[in-house]
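# Fold and geometry: a report
As a plain string of letters, each chain reads:
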Amino acid sequence: MNFCYNPLYTWVHASSFAHRCALRQAKRIVVKLGSAVVTRGDECGLALGRLASIVEQVAMLQNHGREMMIVTSGAVAFGKQRLRHEILLSQSVRQALQSGHNQPKDMSVPALEARACAAAGQSGLMALYEAMFSQYSTCTAQVLVTNLDFHDDEKRQNLHSTLQELLRMNIVPIINTNDAVVPPPEHNSDLHGVNVISIKDNDSLAARLAVEMKADLLIALSDVEGLYNNPPGTDDAKLIDIFYPGDQHSITFGTKSRVGLGGMEAKVKAALWALQGGTSVVIANGTNPKVTGHVITDIVEGKKLGTFFSETKPAGPSVEEQTEMARSSGRILASLQAEKRSEIICRLADLLTEKTEEILAANKLDLEVASSSGRLPSAMLKRLSLSVAKINSLSIGLRQIATSAQNSAGRVLRRTRVAHNLELEQITVPIGVVLVIFEARPDCLPQVSALAIASGNALLLKGGKEAANTNHVLLQLTQEALSMHGLREAVQMVSTREEVEGLCRLDKMIDLIIPRGSFQLVQDIKRAAKGIPVLGHSEGVCHVYVDADASADKVIGIVRDSKCEYPAACNAMETLLIHRDILRTPLFDQIIDMLRTERVRIHAGPRFASYLTFSPSEAKSLRTEYNDLECCVEVVDSMQEAVEHIHKYGSSHTDVIITENAKTAEQFLQQLDSACVFWNASSRFADGYRFGLGAEVGISTARIHARGPVGIEGLLTTKWVLRGDGHTVADFSEQGTQTYLHESLPLEQKEILQRDSS
């Protein structure tokens, strides 16, 4: 937003915001409350609970330094409620006086004229606003306007001066048309030009006011989610996320609101007029109980709600268009023969080795930017960095995936002869459109792309800006490989300013979200996802337990590898549990000496600290994921106590026991319910490549679907295919001629149904 603001409240207003994320900069905001938002469903009286939540949000923004104005409906509804009550009361008195006469009792309420209702309701509506805002120590002022106040230069200047002074005094102006004296709306030439707009409803009033007062943002709340390409409720209706001037031809408008003077067409015209005048506009739902309590604050924070009007049309497709393209190509990809999907992955593996220099050059640029900014911790810098060895390892892993693709989507898991000539199959199928969000992990891109291709899934990628150059090159190579079968669009990179939270709301377009990154990223995605399953782990708080019967040589090697080989990995050891009997033995000294030699900073658990006269720094928490050359050391009395400690403080990722006692090891493996449990092996083996999966889209600690390193199998679901010959359920009733067989059939031999005419 291009504006200047100084203590004299002089505004220089140039243009509207180009993107939702910039709405956080909005200083002066107009909130328009439509009749459907303010009034109850019976149109007689106000929706007090809804109004209270809106007042709370406006007051909060005002008290945080914004300049808030409200354009409100509701006077007619409030007055109608008052007048109906008065009429019914007077009729009741009259009926009582006439009770001695044999006259019929007519208690019907005559039609009420809108201007009379407005006159009766204005004072009560304003009193209600004052009472609600006073709860937040916020002062309000009522301003009633008509068309003349904008068309007459002197009156318009007076109005502007009044509103400016109210804002200067930190007062929220509550504006409405003076419906008690305003003439009925007339047909006019509508909205043409920046200087001409007729105030015929509160939509046009809000637009005119926003431009007049040089507001940064106009939020128009109605009873629909936003602007649709077709009337809401129709089969083909889709909510429009961003609307650009000139897109009107793609819209089919429905009828106007159940109350009020305007419909969606009037709102769009008013919004475009305000946009042309330099004010950003969002049309959203103010009646949905799920969002009403935070709809205004969410919009100001740039969250994806309603329809955002923007003059800046992006050069590329929107994320919704990218998703549609990916889904369309993904369906073709899923129908390809497995050999052709393998060809694509092998071609990508070849391209990685052929273009190694180009990849490393792009990666060098990313590393230089990250290092100069000083914002990335050392652990993330290590993840960001690529090398020839890493790329070669990626290529080898991709070829493993290519081999696995031969037996992935379309595989028959179960065959059952339900009845004669009625055969059922359960087969593997892709999940659909998968969104993978990853931070500074460029090697993630070819890995998850290959897994998606192998399983026949469409893929959306949202990479961290830290790896922008590397990701760009790797995406080009991936799409080049897909082009060999005309499926370039099956893998898409979301490179717009789309906020992650906005992507997580696309529940009708995205089937699965996989976050790859920090614990905070995973938790943020889980909170933001609206109806979309999230596959990911929490922290990687991995444990290595050294049993009393452990081999010294194995202990030193496994502990060193688990902690020091790559400390930034999620499968690196974070807590070392040591059996009490090992304390003050040569093995214990060797472990500590090795960690010190490797420059590992030790944090003592409370029990371990109690054994030491001069202990290392005590661990602040036993649930810490250090992601660096640091670890916690704690003492336990037994294998059972180690299991209990891990259940209490672990993250169900990967945990290890080192022992020569097979019985103890098996008990550990059986009792511990982590995704990966190892005996006498480094925790670093918890990896899709090392498991022979070729790669992984992540490590899941969830209890359902996929668990541990997630390869191709984790990106597949199933469907049931039933082949019959005119069968009906009625055939199997007591009077029917058919009986259920439910015979299991061999998977390797797919029989062709022999149709029997008998």
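Residues numbered from 1 in each chain as written. Predicted model: local features only at pLDDT ≥ 70, side-chain atom pairs only at ≥ 80, totals over all residues. Heavy atoms only, no water.

## Observations concerning the overall build of the chain
- Helix and strand counts for the chain come out as 23 helices and 26 strands.
- Excluding contacts between residues fewer than 6 apart, the proportion of contacts in the chain whose partners are at least 24 apart in sequence is 75%. (Helix = DSSP H or I, 4+ residues; strand = E, 2+ residues; numbered from the N terminus. Contact = heavy atoms within 4.5 Å.)

## Considerations on the environment of Leu576
- By the secondary structure assignment, Leu576 is in strand 18 (residues 573–579).
- Assessed through its relative accessible area of 0%, Leu576 is described here as buried.
- Taking the C-alpha atoms as reference, Leu576 lies 7.6 Å from Val546; in sequence the two are 30 residues apart.
- Here Leu576 is in contact with Val544, Val546, Val559, Ile591, Leu595, Cys632, Val633 and Glu634, once residues within four sequence places are set aside. (Buried < 20%, exposed > 50% of the residue type's maximum accessible area, 1.4 Å probe, protein only.)

## Some details on the environment of Met126
- Considering the arrangement of structural elements, one finds Met126 in helix 4 (residues 114–134).
- Sequence spacing of Met126 and Ala141 is 15 residues, and the spatial spacing of their C-alpha atoms is 8.4 Å.

## Description of the sheet that holds strand 21 (residues 654–658)
- The strand order 19-20-18-17-21-22 describes an open sheet built from 6 strands, whose pairing is parallel. Of all the strands in the sheet, just strand 19 (601–604) and strand 22 (676–679) have a single pairing partner and so form its edges. Each adjacent strand pair in this sheet contributes to an overall mean axis angle of 20°, direction not counted.
- Pairing geometry for strand 18 and strand 20 (residues 630–636), over 5 bridges, is parallel. Of the residues in strand 20, the one forming a bridge with His579 is Val636.
- Across the sheet, helix 22 (residues 639–649) is in contact with strand 17 (542–546), strand 18, strand 20 and strand 21; its angle to strand 17 comes to roughly 170°.
- Packing of helix 23 (residues 662–671) onto the sheet brings it into contact with strand 17, strand 21 and strand 22, and relative to strand 22 it is tilted by some 175°. (Pairing = 2+ DSSP bridges. Axes fitted to C-alpha atoms, helices over the stretch in contact; angles between N-to-C directions.)

## Considerations on the pattern of salt bridges
- The full count for this structure, using the stated rule, is 30 salt bridges.
- Put simply, Glu324 and Lys238 hold a salt bridge, and the shortest N to O gap is 3.8 Å. Highlighted residues: Glu324 in helix 10 (residues 319–335) and Lys238 in the loop between strand 7 (217–222) and strand 8 (242–243), separated in sequence by 86 residues.
- Two residues, Asp524 and Arg527, come together in a salt bridge whose shortest N-O distance is 2.5 Å. With Asp524 and Arg527 both in helix 18 (residues 519–528) and 3 residues apart, the pair spans about one turn of that helix.
- Put simply, Arg20, Asp241, Lys304 and Glu320 are held in one network by salt bridges that share partners. (Salt bridge = Lys/Arg side-chain N within 4 Å of Asp/Glu carboxyl O.)

## Remarks on the confidence of the model for the chain
- Predicted confidence across the chain gives a mean pLDDT of 85, with 87% of residues reaching 70 or more.
- In this model, residues 186–198 is a region of pLDDT below 50 whose contacts with residues beyond four sequence positions or in other chains number 24 contacts.
- For the stretch residues 257–261, pLDDT sits under 50, and the model shows 19 contacts to residues farther than four places along the chain or on other chains. (pLDDT = per-residue confidence, 0-100.)

## Brief notes about the sheet that holds strand 26 (residues 743–744)
- Overall, antiparallel pairing links the 4 strands, which are arranged 25-12-11-26 in an open sheet. Only two strands of the sheet have a single neighbouring strand rather than two, namely strand 25 (716–723) and strand 26.
- Two elements, strand 12 (residues 422–430) and strand 25, share 8 bridges in a ladder whose sense is antiparallel. Bridging from a neighbouring strand, Gln426 pairs with Trp720 of strand 25.

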